[in-house]
4 protein chains.
Amino acid sequence: MNEPMKIAVIGGGSSYTPELLEGIILNQEVLNVSEVWLADIPEGKEKLSVIEDLSRRMVNKANRQIKIVATMDRREAIKDASYVVTQIRVGQLKMRRNDEYISIKHGVIGQETTGAGGFMKALRTIPVMLDICKDIEELAPDAWLLNFTNPAGIITESILKHSNVNVIGLCNNPINFYKKFAKAYNTAVEDISINFIGINHLIWITDLYIRGQSRIDDILTGKSETYEAKNIPSFGWDTDFLQSLGAIPCGYHKYYYQTDRILEEQLEQYKNNETRADQVQKVEKELFEIYKNPAIQEKPAALEQRGGAYYSEAAINLIKSIHLNSKKIHTLNVRNNGTISCLPDDVSIEVNCVVENHQTTPLKVGDVPPQIRGLLQNVKAYEELTVEAAVTGDKGVALQALTLHPLIPSSGRAKDILDEMLEVNKPYLPQF
Amino acid sequence: MNEPMKIAVIGGGSSYTPELLEGIILNQEVLNVSEVWLADIPEGKEKLSVIEDLSRRMVNKANRQIKIVATMDRREAIKDASYVVTQIRVGQLKMRRNDEYISIKHGVIGQETTGAGGFMKALRTIPVMLDICKDIEELAPDAWLLNFTNPAGIITESILKHSNVNVIGLCNNPINFYKKFAKAYNTAVEDISINFIGINHLIWITDLYIRGQSRIDDILTGKSETYEAKNIPSFGWDTDFLQSLGAIPCGYHKYYYQTDRILEEQLEQYKNNETRADQVQKVEKELFEIYKNPAIQEKPAALEQRGGAYYSEAAINLIKSIHLNSKKIHTLNVRNNGTISCLPDDVSIEVNCVVENHQTTPLKVGDVPPQIRGLLQNVKAYEELTVEAAVTGDKGVALQALTLHPLIPSSGRAKDILDEMLEVNKPYLPQF
Amino acid sequence: MNEPMKIAVIGGGSSYTPELLEGIILNQEVLNVSEVWLADIPEGKEKLSVIEDLSRRMVNKANRQIKIVATMDRREAIKDASYVVTQIRVGQLKMRRNDEYISIKHGVIGQETTGAGGFMKALRTIPVMLDICKDIEELAPDAWLLNFTNPAGIITESILKHSNVNVIGLCNNPINFYKKFAKAYNTAVEDISINFIGINHLIWITDLYIRGQSRIDDILTGKSETYEAKNIPSFGWDTDFLQSLGAIPCGYHKYYYQTDRILEEQLEQYKNNETRADQVQKVEKELFEIYKNPAIQEKPAALEQRGGAYYSEAAINLIKSIHLNSKKIHTLNVRNNGTISCLPDDVSIEVNCVVENHQTTPLKVGDVPPQIRGLLQNVKAYEELTVEAAVTGDKGVALQALTLHPLIPSSGRAKDILDEMLEVNKPYLPQF
Amino acid sequence: MNEPMKIAVIGGGSSYTPELLEGIILNQEVLNVSEVWLADIPEGKEKLSVIEDLSRRMVNKANRQIKIVATMDRREAIKDASYVVTQIRVGQLKMRRNDEYISIKHGVIGQETTGAGGFMKALRTIPVMLDICKDIEELAPDAWLLNFTNPAGIITESILKHSNVNVIGLCNNPINFYKKFAKAYNTAVEDISINFIGINHLIWITDLYIRGQSRIDDILTGKSETYEAKNIPSFGWDTDFLQSLGAIPCGYHKYYYQTDRILEEQLEQYKNNETRADQVQKVEKELFEIYKNPAIQEKPAALEQRGGAYYSEAAINLIKSIHLNSKKIHTLNVRNNGTISCLPDDVSIEVNCVVENHQTTPLKVGDVPPQIRGLLQNVKAYEELTVEAAVTGDKGVALQALTLHPLIPSSGRAKDILDEMLEVNKPYLPQF
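As the structure is a computational prediction, the values presented were derived from the model and not from experiment.

### Overview of the overall build of chain A
Looking only at helices and strands, chain A features 17 helices and 12 strands. Along the first, second and third principal axes, the C-alpha atoms of chain A reach 55 × 55 × 40 Å. Considering only residue pairs separated by 6 or more positions, chain A has 68% of its internal contacts joining residues 24 or more positions apart.

Now the structure itself:
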């Protein structure tokens, strides 16, 4: 059971890596990780080198026996790994910036994972991820692939549909809800039960229990606070709306339920050249300056501002549960298989799952009320088309995907956005 | 089989009645109608009287033995009827005008059946229709109820869910497609096969056959024309869009696929006080002037401009099919029951049905492609909530319904519209 | 539309062919058949020659211009045919006799299509039928394949799952119900509506209407008679049972509902060497003696005793409906596709369908009550396994199929039967 | 959380009670049980008194502060209980004997829970259980009802359909599999993962993992042994059969897969007046002799021969999981709700569930292969009809239930059995 294991991180030069590494270090007694391979592409060589050095310093400081290997050879990294973690960003932050600017320019919300922005990111990312999966199929067929790459639900669905890799899509949204409620109710995370329904970045909480007592009404009436992601604008929730919804929305719901206000704010940011992508680029730059500092031997506190709070904890907890065959519950992106009856069987959903060494089994989700169902089905159908467009390179399917998205006001607008995006993303979209 | 039968028309003072009557007169040899009862409410007394007189003149001119009875007593009209036809407009055209103006004022499309406008019309109409159904359950339990009242799909669903009446929802949209293609291909309606998927006013044609040969590509590539309703603005369809959709949309799809352009046009009309409701009011006025003319003894040609082309033909054809147990195919609004697998069982859908004397049986609809499915499921969930809101008078459910509608950009906007609508419609919404 | 057409009959030497030919001759003005190709295998050469000669005499007598071609070359017969009719019997009647004797010897019902007998016939027939389908895919890809070969439901399912041919499975059971009720109620077949639920040879009538009036209670209470196939023993139905069933069973239901009595009778026949197969062999012999008689120029009346009453009428009616794009209702074996919600999508079912030139569309079947559902699902699962066993030649799957069948009392018995059957059928089962 | 709690045992005079009590005593530090109420009916007064005395001795010996109350007043026992355990036997062992003898006499398997025997037990028991549920709804609406009363799946389904009580059906079958495999693989129960599909007493194991490694093939090939219930005859499993089944059957499957051999054995026992019921009566008598002995202060070892091994452990483990909100996995009888997609939503199934203080959530079960599906659906449909028959007292529904059961060879036999059973059970079946 506890043989030494190898972990491969694809996109190892990401600013998030130190957080993941911290988790590995802290849990080394349980996990017994012998090697961590950090793979990246030539464009990321410099960053990777910074991360590699920092990683070594962290391992040494903690006095752990973990070999750190940085490489441009993805296949070497993957070979015989027990876990492959993917946190790539095809086209890097500059393409994310394009995603946002093109969207807002055409009068629709520009966002990393939701709407037109997430759509384009998916088109760029899916072919690369499927290539990685081919390597895993060949070189580490028994490995678990933990995918963090956004849009995580769509990416995971493309892998579920087009490869044989054991993939789990992971997001820090669910764990943040647990942490938030644990703090609000001054209790342990284990005492909290959350009934989730949804898909990645569109997940509703239909009930919340603290030690078996339903407390969802505290949130719906505004008596207690819900989790708000730092990277999403917050105008608060109308309690009439929440109570009639009968569920706690996640942060990304604001793009759908408060479209007009968010769009207004984004247009302002657009004019001032300071959208979220601009902010993130700044934060990244600063982070890497810190990382370079040889005096830094632990995960810097500044990383927490980056937006991926508890991301590492979610990943490490999951690896522990798999490794230890714990039968614990994690909220994961997995194949639907009828778990949410109103969605197709072959799509990805984000729900509570029991995790064992050999399988993740979703807990059955009950009836989905219409106010949740309608939006959920619409966005999921958009995601299905997005996966198909990315895999086939069919421009017509891409047009249908964008047109169907609730944030796009017409097929004409969809076409205009698509045309510009395809042009700008040309180097990343050989399939079109 | 061919015993004399009574037909009750609720909303008999409607300007459409002469068309229905013409159909009855023309098919009298087959149908053997002995009595047509025209029921209306006190506010419609004057119009009813005009229609009553015209109806008598039409019957006399045609030399038919059909008794025409106008009444304010709905129950008398319904008693022992074989068919009840409902074509009511709760709040009359002035409330339709309010529906449109309130919507556009808040920056969303204002339309009789789609979006915020149709929503408010549904709230006003459903309680009245369910009252009518109670009378039918008591006084004519074996009657077929043919409902034309808009939004026909939502109204029909409310009856399917909350009464035991044998209801069929009817729309002239499908028959217009048949007529259009028959003309375009210079062939008989019988030679045309249309595969429909959808719900009332949101119905896609997924294939079109002329004598067994698929011709849908003619339409999708723009080689041949599709049917365009006169009452919906037309900017043409982009053929790239049509081909990737893989289906012919109906006129009402423009509100979803061309939202921005239609909204722009409506804002213009709004400023000039000439929305569709204004136009219809004018047409109605002119029509009744003509109807009053004692020299008029037949359905006036001017009626055709009113927008409900072939409405009567659809109704009379259906009555004939039921009456003669013809096993012919009609496109009707009926309970889903799994016919469209991706929608709930208990909702109304608009699909091809085999019509017999005792039952209407929908033809199984195959897989629904995602580009159709996503929008269809979203709008249907909105309709379910609308039915629930109308029946319960729950303002929270109403808020969720409006928020979920693809044409409403946020829950805040939904709330504003809802507040104003509830205020303006107060006399018609005792349930709230 | 009415171009001259070619019909290919695979198994043209069957004693049923004259009936089919009579139908073609009688409908020649509508169908305009130019050529009928009768294909058979060397073992059937003699019979084929008899049928060929009789066919020519029939055509001449009727003064029709129809070319009759007999051939051992199946591919020549299929090439460019508009309709291919399959009525083959792999292993001929002597193997049917073996099916029956092996079954009864092991203490279970021996029957041509139901239970162990039908199972073995399916294993022999499916590979041959799939070969024929390959020829059709290549040589007549637009042809309709009308399959009469038993067990028709299982055979049709194998083709639906493993070929691209446009197949329709056809049985004379449904048409016999229509004929029976038309006679009983002294009315036209068109006046009768029958709601069927089921699969081939296991089809329930859940309602029966004469001109829109439900009359099923007449049958359930024994006031009126149902159809009884001549080739199935009849002990009558207990009316308590029928009324609680709430549906009219078909003849083959007796094998399930009256297993003990039928088995008793079969054991008696077995001892006396006069099972159904023995009787049929005798009838066949006599029929061919008649066919050989040059004086015979029409379908001999004796054929009606053979058991396939109205078989030809069902086939010709169907061909007419397809050819004329009639949109009429036929009861056919087609892919389920959710028509019967409690069965898998990809199986064959026998239900009412609307027939057009280009497609057959099943009418949606409503909820299936548990007393029907349980047996239906059990037998269908057996059929799925049988198709899989026949295609893969997997003995384990075959064992599971037989064990699951309600007429087999244990896995041990299934194994014994299977072993003997595989031995006896060796020449016909290369896949095992 | 850990407030003192009251447990009510309905059927407290059962010979199983000492086992349950032992569990309570052993876990008292965690559970903090303050009162155990043992309720029974006048016919069981004597036994109850024996159990009451033994219980007191056991509590005293263990030096626990648990109040033991025996009562004829069921309502008093239920009032404010946290857990209600039902282990009743309507008509006692003498009626079980009748169930077995009537069945075998008519040539079908006689068994306590499967087939005709279980059917009759269900008819007797369901009305009594629904009465108990009415008391729980009124007097302890928040209590969890743990039902052990057989046929546990059918009884649980009747409660799920016809009451609002929080019911969980419990059986010792699953825990015995865990225990068996833990022993066979010399490992802890926690290291074992079992994928179950099925319903009570008809549950298949589709995979078995020891610390994440699949070991099911060990069982299917006979290399390792499966669990065999002591109360079911064992002829061993044919490994060809097991391997093609692809799943480990439970003991009760023998009634279906080895019907002929079991029936043969039962006919022998019947002739000698020593069926299972006879044996159990003897064991019970001996047990109570032991129980009466004042020297006995602990659960006697002899109880383990009674057949309900680990019954108490299953119950106490479940109570602990609920009480401690453990989120652990138990195999329970719960409402389906789409967990097994091929069964109706409102039926009971037996599957792995996550247990929390406020809810039990089933883990989604994947596709069910046809060889399992066919039998499962058939028996479940029988169970649905049995529940309906018991609740309505409709003899026709009862006839359909029995006829549909795979162990009954015809509707005639079903009728004969039903007639005799209804006669013999008259005092217990007021609903008929």
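### Some thoughts on the interface of chain B and chain A
In this assembly, 35 residues from chain B lie in contact with 35 residues from chain A. At the level of secondary structure, the elements contributing two or more residues to the side of chain B that touches chain A comprise α10 (239-245), α12 (259-271), α15 (370-392), α16 (395-404) and α17 (411-424) of chain B. Broken down by element, the residue count for the side of chain B that touches chain A peaks at 11 residues, all from α15 of chain B. The residue makeup of the side of chain B that touches chain A, split by class, is 13 nonpolar, 14 polar and 8 charged.

### A few points about the interface of chain C and chain B
Contact residues are listed per partner, giving 23 residues for chain C and 23 residues for chain B. Broken down by class, the residue content of the side of chain C that touches chain B amounts to 6 nonpolar, 12 polar and 5 charged.

### With respect to the arrangement of the chains
Regarding chain A and chain C, the two do not touch, and the least distance separating their C-alpha atoms is 13 Å. With no contact formed, the shortest span from any C-alpha in chain B to any C-alpha in chain D equals 13 Å.

### Regarding the relation of the copies chain B and chain A
For the pair chain B and chain A, the best superposition has an RMSD of 0.0 Å and corresponds to a rotation of 180 degrees with a translation of 0.0 Å parallel to the axis. In symmetry terms, the pair is related by a two-fold rotation axis. A high fraction, 100%, of the interface residues of chain B reappear at the interface in chain A, so the copies pair face to face through one surface.

### Brief notes about the relation of the copies chain C and chain B
In screw terms, the move from chain C to chain B is a rotation of 180 degrees and a rise of 0.0 Å along the axis, fitting with an RMSD of 0.0 Å. A shared binding surface is used by both copies, with 100% of the interface residues of chain C retained as interface residues in chain B.

### Some points on the environment of Ser34 of chain C
All names here are of chain C. The topology assignment puts Ser34 in strand β2 (residues 33-39). Spatially, the C-alpha atom of Ser34 lies 40 Å from that of Ala389, the residues being 355 residues apart in sequence. Setting aside anything within four residues of it in sequence, one finds Ser34 in contact with Pro4, Met5, Lys6, Ile66 and Lys67.

### Structural notes on the sheet that holds strand β7 (residues 192-199) of chain A
For sheets, the rule is that strands pair by backbone hydrogen bonds, running either parallel or antiparallel. Residues and elements named next belong to chain A. Read across the open sheet, the 3 strands follow the order β7-β8-β9; overall the sheet is antiparallel. Lying at the two open borders of the sheet, with one neighbouring strand each, are β7 and β9 (213-214). Where β7 meets strand β8 (residues 202-210), 8 bridges bridge the pair, whose relative direction is antiparallel. By the bridge assignment for β8, Ile199 is matched with Leu202. This element, helix α8 (residues 173-184), spans β7 and β8 of the sheet and lies at about 150 degrees to β7. The strands that helix α15 (residues 370-392) touches are β7 and β8; relative to β7, the one it contacts most, it runs at about 55 degrees.

### Notes on unusual backbone geometry
Keep in mind that most residues, glycine aside, have a negative phi and that most peptide bonds are trans. Residue Pro151 of chain B is reached from Asn150 of chain B by a cis peptide bond, and omega for that bond is -10 degrees. Relative to the helices and strands, Pro151 of chain B is located in the loop between β5 (144-147) and α7 (152-162). Located in the positive-phi region is Asp80 of chain B, a residue other than glycine, with phi close to 65 degrees. Among the secondary structure elements, Asp80 of chain B is positioned in the loop between α4 (74-78) and β4 (83-86). Residue classification places Asp80 of chain B among the exposed residues on the basis of 12 C-beta atoms within 10 Å. Here the phi dihedral of Arg211 of chain D falls at roughly 45 degrees; this positive angle occurs in a residue that is not glycine. Here Arg211 of chain D lies in the loop between β8 (202-210) and β9 (213-214).

### Focus on the sheet that holds β9 of chain D
Residue and element names in this part refer to chain D. Spatially, β7-β8-β9 is the arrangement adopted by the 3 strands of the open sheet, whose pairing is antiparallel. The sheet is open, and its two borders are formed by β7 (192-199) and β9, each paired with just one other strand. Strand direction decides the pairing type here: β8 and β9, joined by 2 bridges, are antiparallel. Following the sheet pairing, Tyr209 is matched in β9 by Ser214. Docked against the sheet, helix α15 (residues 370-392) engages β7 and β8, running at close to 50 degrees with respect to β7.

### Regarding the packing of helix α6 (residues 115-139) of chain B against α15 of chain B
Residue and element names in this part refer to chain B. In contact at an axis separation of 9 Å, α6 and α15 are set at 45 degrees when each is read in the N-to-C sense. It follows that α6 is oblique to α15 by the angle criterion. The handedness of the crossing between α6 and α15 is right-handed. On α15, the residues touching Phe119, Ala122, Leu123, Ile126 and Pro127 of α6 are Thr386, Val387, Ala389, Ala390 and Val391.

### Section: the nonpolar core
One broad rule of soluble globular proteins: the nonpolar side chains tend to lie buried together. In this structure, Val84 of chain A, Val84 of chain B, Val84 of chain C together with Val84 of chain D are the most contacted members of the largest nonpolar core, which totals 555 residues. Excluding residues within four positions of it along the chain, Val84 of chain B makes contact with Ala8, Ile10, Ile78, Ile136, Ala140, Ala143 and Leu145 of chain B.

### Focus on the UniProt feature "binding site: substrate" (unreviewed entry) in chain A
All names here are of chain A. The UniProt record marks Arg96 and Asn150 with the feature "binding site: substrate" (unreviewed entry), using the residue numbering of this structure. These annotated residues cover 55 residues of sequence, and their C-alpha atoms all fall within 11.2 Å of one another, placing them together at a single site. Mapped onto the elements, Arg96 comes out in helix α5 (residues 92-105). With near-sequence residues (within four places) excluded, Arg96 lies in contact with Glu112, Lys121 and Ala277. For Asn150, the location among the structural elements is in the loop between β5 (144-147) and α7 (152-162). By the C-beta count within 10 Å, which is 23 here, Asn150 ends up buried. In this structure, Asn150 is in contact with Glu112, Thr113 and Lys121, ignoring residues within four places of it in sequence.

### Observations concerning the pairing of strand β11 (residues 348-355) of chain B
Residue and element names in this part refer to chain B. Along β11, 8 of the 8 residues are buried, which leaves the element largely enclosed by surrounding structure. Pairing of strand β10 (residues 328-335) with β11 involves 8 bridges; the strand directions are antiparallel. Opposite Thr331, over in β11, you have Asn352 as the bridge partner.

### Some details on the environment of Thr259 of chain D
Among the structural elements, Thr259 of chain D can be located in helix α12 (residues 259-271). Look at Thr259 of chain D and you get buried, because 22 C-beta atoms sit within 10 Å. Along the backbone, Thr259 of chain D and Lys61 of chain D are 198 residues apart, and their C-alpha atoms lie at a distance of 47 Å. Thr259 of chain D has contacts with Pro409 and Ser410 of chain C together with Ile109 and Leu407 of chain D, leaving out every residue within four places of it along the chain.

### Concerning the pairing of strand β6 (residues 166-169) of chain A
Residue and element names in this part refer to chain A. Bridge count for β5 against β6 is 4 bridges, and the pairing is parallel. When the bridges of β6 are listed, Leu145 appears paired with Val167. Following the backbone out of β5, through α7 and into the adjacent parallel β6, one traces a crossover that is right-handed.

### Some points on the packing of helix α7 (residues 152-162) of chain D against α15 of chain D
Residue and element names in this part refer to chain D. The N-to-C vectors of α7 and α15 enclose an angle of 65 degrees; their axes lie 10 Å apart at closest approach. Read as a crossing pair, α7 and α15 show a hand that is right-handed. Every residue of α15 that contacts α7 at Gly153, Ile154, Glu157, Ser158, Lys161 and His162 is listed here: Glu383, Thr386, Val387, Ala390 and Val391. Counted by class, the contact of α7 with α15 contains 4 nonpolar, 4 polar and 3 charged residues.

The rules behind the values
- Residues numbered from 1 in each chain as written.
- Chains lettered and ligands numbered in written order.
- Predicted model: local features only at pLDDT ≥ 70, side-chain atom pairs only at ≥ 80, totals over all residues.
- Helix = DSSP H or I, 4+ residues; strand = E, 2+ residues; numbered from the N terminus.
- Contact = placed C-beta atoms within 7 Å.
- Nonpolar A, V, L, I, M, F, W, Y, C, P; charged D, E, K, R; others polar.
- Least-squares fit on C-alpha atoms with pLDDT ≥ 70 in both.
- Pairing = 2+ DSSP bridges.
- Axes fitted to C-alpha atoms, helices over the stretch in contact; angles between N-to-C directions.
- Buried ≥ 20, exposed ≤ 12 C-beta atoms within 10 Å, placed from the backbone.
- Parallel < 35°, antiparallel > 145°, perpendicular 65-115°, else oblique.
- Left-handed = near helix turned anticlockwise from the far one by under 90°.
- Core = buried A, V, L, I, M, F, W, Y, C linked by C-beta atoms within 7 Å.
- UniProt positions renumbered as here; feature names shortened; annotations may be inferred.
- Right-handed = clockwise from strand over helix to strand, strands pointing away.

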